[in-house]
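Residue strings, one per chain:
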Amino acid sequence: MRPRRRCAAMGHNRLMRIGVVGGGAMGCGIALELAIAGRQVVLFNTRPDSSERARVKLERDAALLVETGLLSLSGREAALGRIRRTTVLAEAAVGQDLVLESVPEDLVLKQEVFRQLDGLAAPDTVLASNTTALSVTALARDCTRPERVLAAHYYLPAHLIPLVDVIPGEKTAPDVVETVRRFLEEVGKTPVVFAKDVPGSVGPRLLQALIGEGIRLVQEGVATPEMVDRVLTQGIGRRFGASGIFDRLDLAGLDLVTGVMRNAGRPVPPVLAQKVERGELGLKTGQGFYTWTPDATAAFEERVARGLITQLREDRAEGRLPSPTSETPE
């Protein structure tokens, strides 16, 4: 028998009781962050040994947050006390306001998990998948409440990366999307809401392109794996910690970017060519993919510089990079 509806328990659509299905690296991060934010969490693993590994990871991750000043000792104990581990799926579904699925990226497996959750959870429970690349609509195929199914895609490590992609399926109700968006903001995340079912969303597709190019560079003998990783961590990855693709294109100049593409024998995307034809060259003309006023330009440049300075200071303090000497050559 399906559990009865719990409209009053929802507290004006606030999601307070959370089930997390799958206590691997991603599921543990999600559970820890939600518990720190005051949510009661039931974390499901299929076996006692994997549940024990989850316990060890939760305690280790929480200890590091305390060590780095992001969490107090009392906050750590309170958060871990809000997480209950189980190997019984029903305990992660019955009585929950939201169930977050984070099992391996296999369509058949996820469909089976959602089929079981659909039968266990109350009709008003929101069912969310942490899928990286699968269709929400396909995941909800066997659910009787597809209007309450969506994706909430976290980025690993889930408790340290702010972004979460919120992706509806073809039948997901708009109010459910809005409820999950508000919930994520309440627990300190930065949700990005997509208008339609987009398997892979943005982040995973960008990452796959980057991974593919990195593998090709190694395969062609252009670079070693260590070189590729160093270029990312010490070079372009640092910039992307403070700026994105399109604001950096505007900074470089869209005419310059177009010229580089043509010289390399690569096709220029129409959206880029059209902006150059209209004289929208980026920061230097005040209009590119973004509008640039003097104040906006100064704020952007300062934000990027401050982000890079913070990373540089931390690297030098930890001995990962040498500090420059102030000696003057004779």
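Bear in mind that the values here come from a model prediction, so they are computed numbers and not experimental data.

Criteria and cut-off values
Residues numbered from 1 in each chain as written. Predicted model: local features only at pLDDT ≥ 70, side-chain atom pairs only at ≥ 80, totals over all residues. Heavy atoms only, no water. Helix = DSSP H or I, 4+ residues; strand = E, 2+ residues; numbered from the N terminus. Buried < 20%, exposed > 50% of the residue type's maximum accessible area, 1.4 Å probe, protein only. Pairing = 2+ DSSP bridges. Right-handed = clockwise from strand over helix to strand, strands pointing away. Phe/Tyr/Trp six-rings, centres within 6.5 Å; stacked < 30°, edge-to-face > 60°. Axes fitted to C-alpha atoms, helices over the stretch in contact; angles between N-to-C directions. Salt bridge = Lys/Arg side-chain N within 4 Å of Asp/Glu carboxyl O. Expected span 1.5 Å × (residues − 1). Arc of directions from axis to C-beta. Polar contact = N/O pair within 3.5 Å; in protein donor to acceptor, adjacent residues only side chain to side chain. Contact = heavy atoms within 4.5 Å. pLDDT = per-residue confidence, 0-100.

## Quick notes on the environment of Thr224
Within the element layout of this structure, Thr224 appears in the loop between helix H8 (203-219) and helix H9 (225-240). Sequence separation between Thr224 and Gly214 is ten residues; the distance between their C-alpha atoms is 9.5 Å.

## Observations concerning the pairing of strand E1 (residues 17-21)
By the criterion of burial, E1 is predominantly enclosed, with four of the five residues buried. Strand direction decides the pairing type here: E1 and strand E2 (residues 40-44), joined by five bridges, are parallel. Each residue of the ladder has a partner; that of Val20, found in E2, is Leu43. Handedness of the E1-helix H1 (residues 25-36)-E2 crossover: right-handed. In this sheet, strand E4 (residues 98-101) lies alongside E1 in parallel orientation, the contact comprising four bridges. Its bridge partner lying in E4, Gly19 is registered against Val99.

## Digging into the packing of aromatic side chains
Centre-to-centre distance and the angle between the planes together describe a pair of aromatic rings. For the coordinates displayed, the defined rule picks out three aromatic pairs. Judged by centre distance (6.3 Å) and plane angle (75 degrees), the rings of Tyr290 and Trp292 are edge-to-face. Ring geometry for Trp292 and Phe300: centres 5.2 Å apart, planes at 70 degrees, overall edge-to-face. No difference in accessibility class separates Trp292 from Phe300, as the two residues are buried. Ring-pair connections join several aromatic residues into one group, and the members of that group are Tyr290, Trp292 and Phe300.

## A closer look at the sheet that holds E1
Reading across from one edge, E3-E2-E1-E4-E5-E6-E7-E8 is the order of the eight strands in this open sheet, with mixed pairing throughout. The open sheet has two edge strands with one neighbour each: strand E3 (83-86) and strand E8 (190-193). The average angle at which neighbouring strand axes cross in this sheet is 25 degrees, direction not considered. As paired strands, strand E7 (residues 163-168) and E8 are joined by four bridges and run parallel to one another. Residue pairing in the sheet places Asp165 in a bridge with Val192 of E8.

## Things to note about the pattern of salt bridges
Tallying each qualifying case throughout the model produces 25 salt bridges. With a shortest N-O distance of 3.6 Å, Asp49 and Arg53 are connected by a salt bridge. Residue Asp49 and its partner Arg53 are both found in helix H2 (residues 48-67); the two are separated by four residues, about one turn of the helix. For Asp49, a relative accessible area of 39% corresponds to the partly exposed category. Between Glu302 and Arg306 there is a salt bridge; the shortest N-O distance is 2.8 Å. On the criterion of helical spacing, the pair formed by Glu302 and Arg306 is a turn pair, its members being four residues apart in helix H13 (residues 294-317).

## As for helix H5 (residues 107-120)
Because each turn of an α-helix spans 3.6 residues, side chains separated by three or four positions in sequence point in the same direction. Over its 14 residues, H5 runs 20 Å from end to end, which matches the ideal 20 Å to within 8%, given 1.5 Å per residue. The set of residues buried in H5 consists of Lys110, Gln111, Val113, Phe114, Leu117 and Asp118. Taken down its axis, H5 places every buried residue within 160 degrees of arc, on the same side. Residue Asp106 occupies the N-cap position of H5, its side-chain oxygen lying 3.2 Å from the main-chain nitrogen of Val108.

## Quick word on the side chain of Glu280
Within the secondary structure, Glu280 is located in the loop between helix H12 (270-277) and H13. At a separation of 3.3 Å, a polar atom in the side chain of Glu280 contacts the side chain of Arg278. In contact with Glu280, not counting residues within four places along its chain, are Leu254, Lys275, Thr285, Gln287 and Gly288.

## As for the confidence of the model for the chain
Averaged over all residues, the pLDDT of the chain is 90; the fraction at 70 or higher stands at 94%. Scored below 50 in pLDDT, residues 4-12 shows 18 contacts in the model against residues more than four places distant or in partner chains.

## What to know about the side chain of Arg238
When you line up the elements, Arg238 lands in helix H9. Residue classification places Arg238 among the buried positions, given a relative accessible area of 11%. A polar contact is formed between the side chain of Arg238 and the backbone oxygen of Thr233, at a distance of 3.3 Å. Here Arg238 is in contact with Leu232, Thr233, Leu308, Gln311, Leu312, Asp315 and Leu321, once residues within four sequence places are set aside.

## Here we look at unusual backbone geometry
Following Leu156, the chain continues into Pro157 via a peptide bond in cis, with omega recorded as -5 degrees. For Pro157, the location among the structural elements is in the loop between strand E6 (149-154) and E7.

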